[in-house]
Amino acid sequence: MNKVEIFENERASGYNTFVETWIPNYSVFLNDLPKLFSKMNPKELLVVGCGTGNEIEQFVHRSERWLITGIDPSPEMVKQAIDRFQGYEHVTLMEGLVTAIDAEKKYSAATLLLVLHFLEDDGNKLNLLSNIAERLVSGATFVMLDITGDKQQIKQNLKILRLLLPDGLDEQQINHRLNRIENELFPISEERLAALCVTAGFEKPIRFFQSSIYMGWLMTKK
Ligand SMILES: C[S@@+](CC[C@H](N)C(=O)[O-])C[C@H]1O[C@@H](n2cnc3c(N)ncnc32)[C@H](O)[C@@H]1O
């Protein structure tokens, strides 16, 4: 069970503009990301579903020189990350699923941003979380950003999302996008997310960030 949501064509080439438009406070979340890891100062950091490398961008310039591995199954997304981080010797980029990394290899921290809500809760979500947990040392920090909430919560927070969107967007486009989030993606409740994380091998996650439907979670590998 390894569902993949492939990003290609305009979805890949226009991705960075897309996230800035549709995820209010995404840049705030990204800017704060390294602070969540700085205390533990991870030697090796695993960035799962790294896409174009937005989260890697936050880590590469740190003086501590964390060794960063980014992995993503969409060739057009990871190609952008490869071009972006050419010449950074402490960044390794791979095209593929996290299972392509030897499970003997252990990381001291990991991220999974904006990926889990594309996977159904039919074993696919748990599988991805377990595959990540398997590749982390005990005590490792894991940070996730995901669309989270039960049906009612998502409905209400989509109304907030609509209010927070930039001015000038096409009304039809807004309706289409919000409708897709409500009916075609696979968010789960906070309780269910916590249960899956615990089953996968993490301590109970802490919600430290929220911007409308998007929630940031921090947890420790057991
Ligand atoms: C919305 S993008 C997020 C990219 C990046 N994390 C960011 O925040 O900008 C989702 C990414 O998840 C990747 N993806 C899809 N299915 C995946 C899976 N099963 N495991 C890991 N990544 C996956 C896609 O290729 C895509 O690049």
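Here, the structure is the one placed above.
Residues numbered from 1 in each chain as written. Predicted model: local features only at pLDDT ≥ 70, side-chain atom pairs only at ≥ 80, totals over all residues. Heavy atoms only, no water.

1. Quick notes on the packing of helix H6 (residues 124–134) against helix H9 (residues 190–200)
Working step 1: With their axes 8 Å apart at the nearest point, H6 and H9 run at an angle of 45° to one another. The orientation of H6 with respect to H9, classified from their angle, is oblique. Our pair here, H6 against H9, has a crossing hand that is right-handed. Contacts from Lys125, Leu126, Leu129, Ser130 and Ala133 in H6 reach Leu196, Cys197, Thr199 and Ala200 in H9.
Working step 2: Of the residues belonging to the contact of H6 with H9, the class tally is 6 nonpolar, 2 polar and 1 charged. (Axes fitted to C-alpha atoms, helices over the stretch in contact; angles between N-to-C directions. Helix = DSSP H or I, 4+ residues; strand = E, 2+ residues; numbered from the N terminus. Parallel < 35°, antiparallel > 145°, perpendicular 65-115°, else oblique. Left-handed = near helix turned anticlockwise from the far one by under 90°. Contact = heavy atoms within 4.5 Å. Nonpolar A, V, L, I, M, F, W, Y, C, P; charged D, E, K, R; others polar.)

2. Things to note about the nonpolar core
Working step 1: With 43 residues, the main nonpolar core has Ile56, Leu114 and Ile181 as its most contacted residues.
Working step 2: Per element, the largest residue contribution to this core is 5 residues, and it comes from helix H3 (residues 26–38).
Working step 3: Not counting chain neighbours up to four residues away, the residues in contact with leucine 114 comprise Tyr15, Val19, Ile23, Tyr26, Leu145 and Tyr214.
Working step 4: The next biggest cluster of nonpolar side chains, apart from the first, holds 28 residues, and it includes Leu116, Leu129, Leu136 and Ala140. (Core = buried A, V, L, I, M, F, W, Y, C linked by side-chain atoms within 4.5 Å. Buried < 20%, exposed > 50% of the residue type's maximum accessible area, 1.4 Å probe, protein only.)

3. Section: the site of the ligand
Working step 1: Around the ligand sit 20 residues in total, of which Lys3, Gly49, Glu55, Asp72 and Ser74 are the nearest.
Working step 2: Asparagine 54 places a side-chain nitrogen or oxygen 3.2 Å from an oxygen atom of the ligand.
Working step 3: Leucine 113 has a polar backbone atom sitting 3.0 Å from a nitrogen atom of the ligand.
Working step 4: Of the residues in the shell around the ligand, the class split is 12 nonpolar, 4 polar and 4 charged. (Near = heavy atom within 4 Å. Polar contact = N/O pair within 3.5 Å; in protein donor to acceptor, adjacent residues only side chain to side chain.)

4. Here's the deal with the packing of aromatic side chains
Working step 1: Overall, the coordinates contain 10 aromatic pairs when judged by the stated rule.
Working step 2: With centroids separated by 6.4 Å and ring planes inclined at 35°, the aromatic side chains of phenylalanine 18 and tryptophan 22 adopt a geometry described as tilted. Taken together, the residues span about one helical turn, with phenylalanine 18 and tryptophan 22 both in helix H2 (residues 15–22) at a distance of 4 residues.
Working step 3: Taking relative accessible area as the criterion, phenylalanine 18 reaches 31% and is therefore assigned partly exposed.
Working step 4: Consider the rings of phenylalanine 37 and phenylalanine 59, whose centres lie 5.7 Å apart with planes at 70°: the pair is edge-to-face. (Phe/Tyr/Trp six-rings, centres within 6.5 Å; stacked < 30°, edge-to-face > 60°.)

5. Details of the pattern of salt bridges
It is possible for side chains bearing opposite charge to pair when their charged atoms get close.
Working step 1: Within the structure shown, the criterion is met by 14 salt bridges.
Working step 2: Note that glutamate 5 is salt-bridged to arginine 11, the shortest N-O span being 3.0 Å.
Working step 3: Judged by relative accessible area, which is 22%, glutamate 5 ranks as partly exposed.
Working step 4: One salt bridge in this structure joins arginine 135 and glutamate 134, with 3.5 Å as the shortest N-O distance.
Working step 5: Taking the relative accessible area as the measure of exposure, glutamate 134 reaches 40% and is therefore partly exposed.
Working step 6: Salt bridges sharing partners connect three or more residues here, namely Lys3, Glu5, Arg11, Arg180 and Glu184. (Salt bridge = Lys/Arg side-chain N within 4 Å of Asp/Glu carboxyl O.)

6. Considering H2
Working step 1: Residues of H2 that are buried include every one of Tyr15, Val19, Thr21 and Trp22, and no others. Along H2, the residues classed as buried sweep out an arc of 165° about the axis, all on the same side. (Arc of directions from axis to C-beta.)

7. Some details on the side chain of serine 108
Working step 1: Mapped onto the elements, serine 108 comes out in strand S4 (residues 107–113).
Working step 2: Of the residues examined, serine 108 reaches a relative accessible area of 15% and is grouped as buried.
Working step 3: Once residues lying within four places of it in the same chain are set aside, the contact partners of serine 108 are Met40, Pro42, Lys43, Glu44, Val137, Ala140 and Thr141.

Interpretation in functional terms is not warranted from these geometric data alone.
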